[in-house]
Amino acid sequence: MKKISFPIFSVIILTACNTANISGNNSDSSDAKNERTFNKAYQQIKLNDLKNNLYIIASDEMEGRDTGSPGQKKAGEYIVQFYKDLGITFPKKLGSYYQKVPSSFMKKRGGGNLPDSENILAFIEGSEKPEEIIVVSAHYDHVGTKNGVVYNGADDDGSGTVAVMQIAKAFQSAKKKGKGPKRSVLFLHVTGEEHGLFGSSYYSENPVFPLSNTIADLNIDMIGRDDAANRGKNYVYVIGSEMLSSELKIINEAANKKTHNLELNYKYDDPNDPDRLYYRSDHYNFAKHGIPVAFYFDGIHEDYHQPTDDVEKIDFNLLQKRTQLIFTTAWELANRDSRIVVDKK
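In this text the structure is predicted, and so the values were computed from the model without any measurement. (Residues numbered from 1 in each chain as written. Predicted model: local features only at pLDDT ≥ 70, side-chain atom pairs only at ≥ 80, totals over all residues. Heavy atoms only, no water.)

### Structural notes on the overall build of the chain
In terms of regular secondary structure, the chain is built from 10 helices and 10 strands. Taking 345 residues into account, the globule formula puts the C-alpha radius of gyration at 20 Å, and the chain, at 18 Å, falls close to it. If you line up the chain on its principal axes, its C-alpha atoms span 60 × 45 × 40 Å. Burial status across the chain gives 60% buried among its 345 residues. Summing over all exposed atoms, the chain offers an accessible surface of approximately 13300 Å²; the carbon and sulfur share of this is 48%. Of the side-chain charges in the chain, 43 are positive and 46 negative, and the distance between the mean point of each set is 4 Å. (Helix = DSSP H or I, 4+ residues; strand = E, 2+ residues; numbered from the N terminus. Rg over C-alpha atoms; globule rule 2.2 N^0.38 Å. Buried < 20%, exposed > 50% of the residue type's maximum accessible area, 1.4 Å probe, protein only. Areas by Shrake-Rupley, 256 points an atom, 1.4 Å probe, with all protein chains shown as cover. Lys, Arg positive; Asp, Glu negative; His and termini not counted. Charge placed at Lys NZ, Arg CZ, Asp CG, Glu CD.)

Laid out in structure tokens, this is it:
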């Protein structure tokens, strides 16, 4: 998650989960086949897969994944190969998994002399409403190496990175069974977040799909730990879910009740929040264009932006639960009859 300095401002596997009826408007809510398809996809989000991928993404070999660095590019190659192995391709319009984010773009926005970098886009086309897009996003950069010490960024945002990958795997497993999402889903790994939300800013100014057809962004930035205020709890901060739509928060809460019933903490929705977290991760570059967002976050813990943000400190059980919640919300958004409303400003 981008750092700023100004001060102002029980695991329940779904045996009969009716996700299609989370919002109460889907006529196929009793379809047992859809329930079974969802459940099988949901179960693809496995703890060991999250762990195995994170041990690679947040390894010393990736050199802290600073924007445009060789280590970040190596992490990007690993992510792309993951999608290739699953048979998940890229947007046809883009022509590859990579969307270049030029050095010049970042420099004009305070990025100093950062080299060219890339967003990574994987894409599953919807079966019924392919022109409507759900975005599931996370940044895959971190702060690099300082004085010879690697800042691995296991939580920030290795945890979000591997969560997006597993959510993609879950959707793809359903597609392979002929039950893919009705709407398209874009799995967006953005660069340059730590230096100024550059990758998501570039995407929002150069969208591969029209922003008018982008239904929502579910952004994942740090979901593998707990903070001091919630130590040992099954919780997640959810930020911004009712800022633009009266429906998104309701859908997410229903998904939560159908899964792990985590404690959903809305502390950072307070307009007087001094940390201003609503403005500090990549979802904001969608929200400022009127696209409903939900930002999933575990809090600012003692290893935030420290070299001690290592994989060994990740709570993988909690990471799995949070990832399954986000998948369930994305599934509902992708498969409900009507797109969610934008009725707030």
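### Here we look at the pattern of salt bridges
Under the defined criterion, the tally for this structure stands at 14 salt bridges. In this structure, the salt-bridge partner of arginine 231 is glutamate 302, at a minimum N-O distance of 3.5 Å. Here the residue arginine 231 occupies a position in the loop between strand 7 (214-220) and strand 8 (235-239), and glutamate 302 occupies one in the loop between strand 10 (293-297) and helix 10 (316-335), the gap between them amounting to 71 residues. A salt bridge links aspartate 303 to lysine 313, with the shortest nitrogen-to-oxygen separation between them at 3.2 Å. Here lysine 313 lies in the loop between strand 10 and helix 10 and aspartate 303 lies in the loop between strand 10 and helix 10, a separation of 10 residues in the sequence. Under the relative-accessibility criterion, aspartate 303 is labelled buried at 5%. For lysine 313, a relative accessible area of 40% corresponds to the partly exposed category. Residues joined in a network through salt bridges with shared partners are Arg225, Asp226, Arg231, Glu302, Asp303 and Lys313. (Salt bridge = Lys/Arg side-chain N within 4 Å of Asp/Glu carboxyl O.)

### Some details on the packing of helix 2 (residues 47-57) against helix 10
Where helix 2 contacts helix 10, the two axes come as close as 9 Å, and the packing angle between them is 110°. The orientation of helix 2 relative to helix 10 falls into the category roughly perpendicular. The residues of helix 10 that touch helix 2, namely those facing Leu47, Leu50, Lys51 and Leu54, are Phe316, Asn317, Leu319, Gln320 and Thr323. In terms of residue class, the contact of helix 2 with helix 10 is made up of five nonpolar, three polar and one charged. (Axes fitted to C-alpha atoms, helices over the stretch in contact; angles between N-to-C directions. Parallel < 35°, antiparallel > 145°, perpendicular 65-115°, else oblique. Contact = heavy atoms within 4.5 Å. Nonpolar A, V, L, I, M, F, W, Y, C, P; charged D, E, K, R; others polar.)

### Description of the sheet that holds strand 2 (residues 117-124)
Read from one edge to the other, the open sheet built from eight strands follows the order 1-2-6-3-7-10-8-9, with strand pairing classed as mixed. Here the strands that pair on one side only, and so sit at the sheet edges, are strand 1 (98-101) and strand 9 (263-265). Shown here is a sheet whose adjacent strand axes are inclined to one another by a mean of 25°, direction ignored. Sheet topology note: the strand 8/strand 9 ladder contains three bridges and is parallel. Looking at the pairing, valine 236 lines up with leucine 264 of strand 9. Lying on the sheet, helix 7 (residues 198-205) is in contact with strand 1, strand 2 and strand 6 (183-190); it crosses strand 1 at an angle near 105°. (Pairing = 2+ DSSP bridges.)

### Quick look at the environment of proline 207
Locating proline 207 in the fold gives a position in the loop between helix 7 and strand 7. Of the residues examined, proline 207 reaches a relative accessible area of 27% and is grouped as partly exposed. Remark: the alpha-carbon pair of proline 207 and isoleucine 239, spanning 32 residues in sequence, is separated by 23 Å.

### Observations concerning the nonpolar core
The biggest cluster of nonpolar side chains holds 64 residues, and the ones touching the most others in it are Tyr83, Ile167, Phe171, Phe187, Tyr296 and Phe327. Sequence-distant contacts of phenylalanine 171, defined by excluding residues within four places in its chain, comprise Ile124, Pro181, Val185, Phe187, Phe327, Ala330, Trp331 and Ala334. (Core = buried A, V, L, I, M, F, W, Y, C linked by side-chain atoms within 4.5 Å.)

### Focus: the packing of helix 3 (residues 70-86) against helix 5 (residues 154-176)
Packing of helix 3 against helix 5 leaves a shortest axis separation of 10 Å and a crossing angle of 10°. Considering the angle they form, helix 3 stands roughly parallel to helix 5. Facing helix 3, whose interface residues are Tyr78, Ile79, Phe82, Tyr83 and Leu86, helix 5 presents Thr161, Val164, Met165, Gln166, Ala168, Lys169, Gln172 and Lys176. Of the residues belonging to the contact of helix 3 with helix 5, the class tally is eight nonpolar, three polar and two charged.

### Some points on the pairing of strand 6
Counting buried residues in strand 6 gives eight out of eight residues, a clear majority hidden from the surface. The sheet contact formed by strand 2 and strand 6 spans five bridges and is antiparallel. Of the residues in strand 6, the one forming a bridge with isoleucine 124 is valine 185. Alignment of strand 3 (residues 129-139) against strand 6, held across eight bridges, turns out to be parallel. When the sheet's bridge partners are listed, isoleucine 133 is paired in strand 6 with serine 184.

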